[in-house]
Amino acid sequence: MNHFEYRNGEMFAEGVALKRIAQEVGTPAYIYSLATLKRHFKVFDQAFAKARHIVCFSVKANSNLALLRAFAKEGSGFDIVSEGELFRALKVGADPRKIVFSGVGKKRQEIEYALKSGILMFNVESEEELFALDEIAAGIGKKAPISLRVNPDVDPQTHPYISTGMKKAKFGVDIKKSLETYRKAVSLKNVEVVGVDCHIGSQLTSVTPFVDALAKVREYLDRVLAGEMKKEGAQIRYLDLGGGLGINYHDETPPLPDEYAKAIIQGLEGLDITLILEPGRVIVGNAGILLTEVQYIKETDTKKFIIVDGGMNDLIRPALYGSYQAIQPVIENNADKVVADVVGPICESGDFFAKDREIARPKRGDLLAVMSAGAYGFTMASNYNSHPKPPEVLVDGDQYYIVRRRESLDDLINGETIPASLQ
Ligand SMILES: *Cc1c(COP(=O)(O)O)cnc(C)c1O
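Below is a short write-up of the structure. (Residues numbered from 1 in each chain as written. Predicted model: local features only at pLDDT ≥ 70, side-chain atom pairs only at ≥ 80, totals over all residues. Heavy atoms only, no water.)

**A word on helix H6 (residues 127–139)**
Here is step 1 of the chain: Its 13 residues place the ends of H6 19 Å apart at the C-alpha level, agreeing with the 18 Å of an ideal helix rising 1.5 Å per residue.
Here is step 2 of the chain: On its buried face, H6 is in contact with helix H5 (108–117), strand E8 (121–124), strand E9 (144–151), helix H7 (178–187) and strand E11 (191–197).
Here is step 3 of the chain: Downstream of H6 by a residue or two, Gly141 has a phi angle that is positive, lying close to 65°. (Helix = DSSP H or I, 4+ residues; strand = E, 2+ residues; numbered from the N terminus. Expected span 1.5 Å × (residues − 1). Contact = heavy atoms within 4.5 Å.)

**As for the sheet that holds strand E1 (residues 4–7)**
Across a sheet, strands are paired by hydrogen bonds formed along the backbone, either parallel or antiparallel in direction.
Here is step 1 of the chain: Strand order in the open sheet formed by 3 strands is E1-E2-E3, and the pairing between neighbours is antiparallel. Where the open sheet ends on each side, the last strands, each with one partner, are E1 and strand E3 (16–17).
Here is step 2 of the chain: Examined bridge by bridge, strand E2 (residues 10–13) and E3 share 2 bridges and lie antiparallel to one another. Bridge pairing in E3 links Ala13 to Val16. (Pairing = 2+ DSSP bridges.)

**Comments concerning the site of the ligand**
Here is step 1 of the chain: Neighbouring the ligand are 15 residues, the closest being Lys60, Ser202, Glu278, Arg281 and Tyr376.
Here is step 2 of the chain: For the ligand, an oxygen atom lies 2.7 Å from a polar atom in the side chain of Lys60.
Here is step 3 of the chain: The contact in question runs from a nitrogen atom of the ligand to an N or O atom on the side chain of His199, over 3.5 Å.
Here is step 4 of the chain: A molecule is said to occupy a pocket when more than half its atoms come within 2 Å of that pocket's grid points, and by this definition the ligand occupies the largest pocket.
Here is step 5 of the chain: Of the residues assigned to the shell around the ligand, the class counts are 2 nonpolar, 8 polar and 5 charged. (Near = heavy atom within 4 Å. Polar contact = N/O pair within 3.5 Å; in protein donor to acceptor, adjacent residues only side chain to side chain. 1 Å grid on protein atoms, 1.4 Å probe; cavity = no way out; pocket = protein on both sides within 12 Å on 5 of 7 lines; lining within 4 Å. Sits in = over half its atoms within 2 Å of the grid points. Nonpolar A, V, L, I, M, F, W, Y, C, P; charged D, E, K, R; others polar.)

**A look at empty space enclosed by the protein**
Here is step 1 of the chain: Enumeration according to the criterion identifies 2 cavities of 30 Å³ or more in this entry.
Here is step 2 of the chain: Grouping the constituent residues of the lining of the largest cavity by class yields 5 nonpolar, 1 polar and no charged.
Here is step 3 of the chain: Approximately 30 Å³ is the volume found for the second largest cavity.
Here is step 4 of the chain: Along the walls of the second largest cavity sit Arg149, Val150, Asn151, Pro152, Thr164, Gly165, Phe171, Gly172, Cys198 and His199, which together make up its complete lining.
Here is step 5 of the chain: For the lining of the second largest cavity, the class distribution of residues is 4 nonpolar, 5 polar and 1 charged. (Points joined across faces, edges and corners; volume = space filled by probe spheres on them.)

Next up, the structure:
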């Protein structure tokens, strides 16, 4: 459920007409609905009410400070994958004891920053990282709380680029070999084993892979870790199941949070552990759109192109994953349907939002809403072709706030210098 709806033939975000935002803020622009964001967070969190749990919003899905602040106020923790994301989370007053740090390539300065900030745990993805953590923690007189990200070798049935829990992935350590790594971890003086972690992929549209992954982790916990680790004096207190719950972009029917939670809670029965969840897309995906304006209609012998002012630089998902984004007219359009590619201004044939899409024929100047753009939209935006990044707008009831201003031309060259020898 989201708050982007037509009223009298015109699309609104909550109580604000998108046309008004376009007039006042310009296009392209990202627009988020605060009511939708909060609702999605609450529904997800409440689905797990029966289990001791922490929801750690995955910052990489959308890292705007206003959104992070909204989640922090709802009690959210954060799943971070860089020092930049940690910086953002701390900026909005996040509780460091609800921050988990994932990622295969954590650098020394990132680890130091996270240790000094007192985060809940590092989701360790390799043995070398474990040794690095031990050494860095020793250097600053801290102990690094860790969980091992295990790779359960489960196929999440999603796009290969966002499939992370199969044997061939760069993520985590093979679950079958992880006992060795755990043994090494408990032998290290400046590392404290506190959990086990797994994240198998993103945009999953069935509970089965989650259930399979949990079963494998659970079996491993019960059979191997519980006894072994206890003997070594370690206690597995956290079970982090990552994120990955999918959303409806087109005709997918992902499980609802309740169904997902029920399956997971069932798989945890009898286990005395705090569950950690790292949802990203399911919270923000359908809470945002990219508003764009039609610049030109171009017809060739074989194709029609609707050329808009947003491009792969603003929203790369279609270009990168071939993914589907629904596109709707902001003012309802009863013109004949045409089959067209919706493309941006970028000098690449990969720059498209839709291919061979049936759409009511728009005119130059019409506004289109690229739906479901709240996750992995702005966070993956770039300045390719030297386009300033679009603004981000947060709608709250009948008010809207520019929560990130449109970049200026000066922003584009910020930090660049011409050496004296060229002057
Ligand atoms: C990307 C990512 C997530 C969030 O995935 P969603 O599909 O957006 O829920 C959670 N945890 C880790 C480790 C990730 O890399």
